[in-house]
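# Per-entry structural report
Residues per chain are reported as follows:
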Amino acid sequence: MQLTLTRPDDWHLHLRDGAALAAVLPHTAERFARAIVMPNLKPPVRTVADAAAYRARILAALPPGLAFEPLMTLYLTDHTTPEEIAAARASGFVHAVKYYPAGATTHAEAGVTAVQRAYPAIEAMQELGVPLLVHGEVTDPEVDVFDREAVFIERVLMPLRLRFPRLKLVLEHITTREGVEFVRSAPGPTAGTLTVHHLLLNRNALFRGGLRPHHYCLPVLKREPHRLALVEAATSGDPRFFLGTDSAPHAHTDKESACGCAGIYTAHAAIELYAEVFEQAGALDRLEAFASFHGPDFYGLPRNSARITLTREPWRVPAAYDLGHGRRLIPLRAGETVAWRLGA
Ligand code: DOR
Ligand code: ZN
C-alpha cells in the first residue's frame, strides 16, 4: 500500500547546533519542507540577529540537494522588547516566539519568570500577528509532575488567552485531555501541536521492564485516557491541531544518567510514525491535513506543493545514530521496526 501526501512541515523541532545539528538535520529535511526551529540553545536565540546567525548555520549544515526552510523563533524572556518583536515581524524569517516558563525544561533557565513581565512583548505580538508558542507547564515544585499542564492551563493560559484575545497562541506538545479541551474551547486564534511520541505512548512506556530513559520527555508521558484524547484530536480533522514532533536529540550519555535529560528523538522516522498512529485510528485519509495543511493555514503561510510517498513496508531503525564527537543518539524504536517507509 502507498500513500502520497503534500510534503509536510514540522511545527515544533529542536535542531541544536554544531555537530549535532549536522547529524540530525538530514532526517528532518528528507521528510519535511519546513520546520519551526526551537530557540533553546545555550545561550538562547533571543534576538533577530541571533536568529539570523542560527538560520545561516542551519542552511550551511543542509546537505546539497535537500530543500528545507527553517522557520526561526525567538526565545521570550522577561526583557524581550516590543521593538524586538517588530524587528522579528519585519525580518521575514522569524515566524514565532517561544515562551518557556523559567526552569520548565531543557535550557529554559533564561525563560519567563512571571508572565506579566512579558506583557509588553506579548502585546506587540498580538498587534503584529506574531504567534506565541507555549511550553504549557507550571514549574511550581508543589504541583505533581503529571498535573503540570492542566494546572498551567488554569493558572496561566486561560488568563493570558482572555487578556490578549487576538493573540495567535499555540499550546505546544499537548499531553492531556485538558490541553485538547483548552484548544477546542479557547476564544481567539488558538491551536495545538501534537508529538508522535505522545500519540503512540502512555506513561507505562517509561517503566516497561525497567526504567526507560529514552521515553522520558517533557511534558512527561501521561495515562492512556489522555493519549486517547490526543489521538482523537489529531485524527478528528479539526484544523486547530497539527503536527509538531518536538524531536529533541540528546547524547546517549546525557539520557542514560543518574539525572537524565528530557527529550525523545523522532526526526529519523517522524512522518512514518504519524502514519502508524493514523492507520491504527482508521484515519489515514486525515493524515495529510494534519501534517501538511493545518499548520501553514494557522501560521498564514502557503501550503507546500511538493509531495512525498509513504509505503507500507516495515524497516528496522538502527540501534543508534552518530551525533558527532563520539556521541551516540538513541532514536525512538531503536533496533525495532517502523511500519511505513519513506519513498516509493
Ligand atoms: O522533552 C523535551 N525536550 N521537552 C522540552 O520541552 C525540551 C526538549 C529539549 O530541548 O530537549
Ligand atoms: Zn520542544
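Before reading on, note that the structure itself is shown above.
Report follows, based on the coordinates. Note that this is a predicted model, so its numbers are computed, not measured. (Residues numbered from 1 in each chain as written. Chains lettered and ligands numbered in written order. Predicted model: local features only at pLDDT ≥ 70, side-chain atom pairs only at ≥ 80, totals over all residues. Heavy atoms only, no water.)

Take the sheet that holds strand 1 (residues 2-6) next. Pairing is antiparallel in the open sheet, where 3 strands are placed in the order 1-10-13. Strand pairing shows two members of the sheet lacking a second neighbour, strand 1 and strand 13 (337-342), which therefore form its edges. With strand direction ignored, the average angle separating the axes of adjacent strands in the sheet is 35°. Pairing of strand 10 (residues 307-316) with strand 13 involves 5 bridges; the strand directions are antiparallel. (Pairing = 2+ DSSP bridges. Helix = DSSP H or I, 4+ residues; strand = E, 2+ residues; numbered from the N terminus. Axes fitted to C-alpha atoms, helices over the stretch in contact; angles between N-to-C directions.)

Here we take up the coordination of the zinc ion (ligand 2). With distances of 2.0 to 2.1 Å, the protein atoms coordinating the zinc ion (ligand 2) are His-12 (NE2), His-14 (NE2) and Asp-246 (OD). Written as a sequence motif, the donor arrangement for the zinc ion (ligand 2) is H-x1-H-x231-D. Pair noted here: His-12 is in strand 2 (residues 10-13) and Asp-246 is in the loop between strand 9 (241-243) and helix 9 (252-255), with a separation of 234 residues, a long-range link. For the pair shown, His-12 and Asp-246 are each scored as buried. (Donors = N, O, S within 2.8 Å, 3.2 Å for Na, K, Ca; no water. Buried < 20%, exposed > 50% of the residue type's maximum accessible area, 1.4 Å probe, protein only.)

This part is about the packing of helix 1 (residues 18-31) against helix 2 (residues 48-61). Close contact between helix 1 and helix 2 brings their axes to 9 Å; oriented N to C, the two are set at 65°. Crossing hand, helix 1 versus helix 2: right-handed. In this structure, helix 1 uses Leu-21, Ala-22 and Leu-25 to contact helix 2, whose residues at the interface are Arg-57, Ile-58 and Ala-61. Here the residues of the contact of helix 1 with helix 2 sort into 5 nonpolar, no polar and 1 charged. (Left-handed = near helix turned anticlockwise from the far one by under 90°. Contact = heavy atoms within 4.5 Å. Nonpolar A, V, L, I, M, F, W, Y, C, P; charged D, E, K, R; others polar.)

Counted according to the given criterion, the structure contains 10 aromatic pairs. When the ring of Tyr-99 is compared with that of Phe-152, the centres are 6.0 Å apart and the planes differ by 55°; the resulting orientation is tilted. Pair noted here: Tyr-99 is in strand 5 (residues 94-99) and Phe-152 is in helix 5 (residues 148-163), with a separation of 53 residues, a long-range link. Exposure class is identical for Tyr-99 and Phe-152. Each is buried. Among the aromatic residues, those joined into a cluster by ring pairs are Trp-11, Phe-242, Phe-298 and Tyr-299. A cation sits over an aromatic face here: Arg-203 above Phe-146, 4.6 Å from the ring centre. Across from the ring centre of Phe-293, 4.1 Å away, lies the NZ or CZ of Arg-303, which sits over that ring. (Phe/Tyr/Trp six-rings, centres within 6.5 Å; stacked < 30°, edge-to-face > 60°. Lys NZ or Arg CZ within 6 Å of the ring centre and 35° of its normal.)

Counting 101 residues, the largest nonpolar core has Leu-132 and Leu-287 as its most contacted members. Broken down by element, this core gets its largest block of residues, 7 residues, from helix 10 (residues 270-280). Setting aside anything within four residues of it in sequence, one finds Leu-287 in contact with Leu-3, Leu-5, Ile-271, Tyr-274, Ala-275, Phe-278 and Leu-310. Counting residues in each nonpolar core, the second largest holds 15 residues, with Trp-11, Leu-71, Ala-108 and Tyr-299 among its members. (Core = buried A, V, L, I, M, F, W, Y, C linked by side-chain atoms within 4.5 Å.)

The next thing to look at is helix 1. The largest bend along helix 1 measures about 35° and falls at Leu-25, with the proline Pro-26 one to four residues further on. Residues of helix 1 that are buried: Ala-20, Leu-21, Val-24, Leu-25, Pro-26, His-27, Thr-28, Ala-29 and Arg-31. (Bend = angle between axes of the 7 residues up to and from the residue.)

Let's shift gears to the state of the cysteines. Here the structure, examined in full by the defined rule, presents 0 disulfides. Its sulfur unpaired, Cys-217 is 13 Å from the next cysteine sulfur, which belongs to Cys-261. A relative accessible area of 1% means that Cys-217 is categorised as buried. In this structure Cys-261 is not part of a disulfide, and its nearest cysteine sulfur, from Cys-259, lies 7.6 Å away. (Disulfide = S-S within 2.5 Å.)

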